[in-house]
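Analysis of the macromolecular model
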Amino acid sequence: MNYDEMINLAERASKNAYAPYSKFKVGACVLTDSGKVYTGCNFENSSFGMTICAERNAVGSAVADGERKIKAVAIFSPNMKNCTPCGACRQVLSEFKSDDGLDVIVQGEDGVKVYPIEKLLPETFAL
Ligand code: THU
């Protein structure tokens, strides 16, 4: 699965986003060490703090299927180019980064952009 295909899957997932409050839809696609892919979208709640981001939704599906090592995550929003993950999701992604690192892939102005997770969350907290 290449990074363009992952962005396409993230875009497809973004169509299922439940974002009636912010109207900001996001989709994510994670690729694990074993080559499996999982998608997620954001889903909001009347109690705003209960909102789950697309990235954490996708990571949760991977973990629920027994996966622990994520090589890459693609993120797509129809509302914004270069939609990089929020701080909370950066921390969650770091928890499951593969031994070879984790690439964060976003749709830039022209073509995909790739950020190593360490660039987005330097000096990461880990127990
Ligand atoms: N959101 C995501 O799903 N991922 C991000 O990385 C940024 C924010 C969602 C949360 C909320 O539903 C909406 O976008 C606006 O913040």
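Relevant structure appears above.
Treat the numbers as computed from the prediction; the structure is a model and nothing was measured.

Criteria and thresholds
- Residues numbered from 1 in each chain as written.
- Predicted model: local features only at pLDDT ≥ 70, side-chain atom pairs only at ≥ 80, totals over all residues.
- Heavy atoms only, no water.
- Near = heavy atom within 4 Å.
- Polar contact = N/O pair within 3.5 Å; in protein donor to acceptor, adjacent residues only side chain to side chain.
- Areas by Shrake-Rupley, 256 points an atom, 1.4 Å probe, with all protein chains shown as cover.
- Nonpolar A, V, L, I, M, F, W, Y, C, P; charged D, E, K, R; others polar.
- Buried < 20%, exposed > 50% of the residue type's maximum accessible area, 1.4 Å probe, protein only.
- Helix = DSSP H or I, 4+ residues; strand = E, 2+ residues; numbered from the N terminus.
- Arc of directions from axis to C-beta.
- Contact = heavy atoms within 4.5 Å.
- Pairing = 2+ DSSP bridges.
- Axes fitted to C-alpha atoms, helices over the stretch in contact; angles between N-to-C directions.
- Salt bridge = Lys/Arg side-chain N within 4 Å of Asp/Glu carboxyl O.

**Here's the deal with the site of the ligand**
- Around the ligand, the neighbouring residues are Ser22, Phe24, Val26, Asn42, Glu44, Thr51, Cys53, Ala54, Glu55, Thr84, Pro85 and Cys86.
- Glu44 has a polar side-chain atom sitting 2.5 Å from an oxygen atom of the ligand.
- Contact with the protein chains removes 79% of the 380 Å² of surface that the ligand exposes when unbound.
- Split into classes, the residues belonging to the shell around the ligand amount to six nonpolar, four polar and two charged.

**Digging into helix 2 (residues 54-64)**
- Those residues of helix 2 that fall on the buried side of the exposure criterion are Ala54, Glu55, Ala58, Val59 and Ala62. Take helix 2 and look down its axis: the buried residues cluster within an arc of 130 degrees, on one side only.
- Taken together, the buried residues of helix 2 touch strand 1 (27-32), strand 2 (37-41), strand 3 (70-76) and helix 3 (87-95).
- Gly66 lies just past helix 2 and shows a positive phi near 95 degrees.

**Observations regarding the sheet that holds strand 5 (residues 112-116)**
- Spatial strand order, 2-1-3-4-5: five strands in an open sheet with mixed pairing. Each edge of the open sheet is held by one strand with a lone partner, namely strand 2 and strand 5. Each neighbouring strand pair of the sheet contributes to a mean axis angle of 20 degrees, computed without reference to strand direction.
- Alignment of strand 1 against strand 2, held across five bridges, turns out to be antiparallel. Looking at the pairing, Val30 lines up with Tyr38 of strand 2.
- The strands touched by helix 1 (residues 3-14) are strand 1, strand 2, strand 3, strand 4 (103-107) and strand 5; relative to strand 3, the strand with the most contacts, the crossing angle is about 50 degrees.
- Strand contacts of helix 2: strand 1, strand 2 and strand 3, with the helix running at about 140 degrees to strand 2, the strand carrying the most contacts.

**With respect to the pairing of strand 1**
- Most of strand 1 sits inside the fold, with six of its six residues counted as buried.
- Of the two faces of strand 1, the one carrying Gly27, Cys29 and Leu31 and the one carrying Ala28, Val30 and Thr32 are both buried.

**Quick notes on the pattern of salt bridges**
- Throughout the structure, instances matching the rule amount to four salt bridges.
- For Lys36, the salt bridge identified is with Asp65, shortest N-O distance 3.7 Å. Linking Lys36 in the loop between strand 1 and strand 2 with Asp65 in the loop between helix 2 and strand 3, this pair joins segments that are 29 residues apart in sequence.
- Taking the relative accessible area as the measure of exposure, Lys36 reaches 38% and is therefore partly exposed.

**Remarks on the side chain of Glu44**
- Inspection of the secondary structure assignment puts Glu44 in the loop between strand 2 and helix 2.
- Those residues in contact with Glu44, other than ones at most four positions away along the chain, are Tyr18, Ala19, Pro20, Tyr21, Ser22, Phe24 and Thr51.

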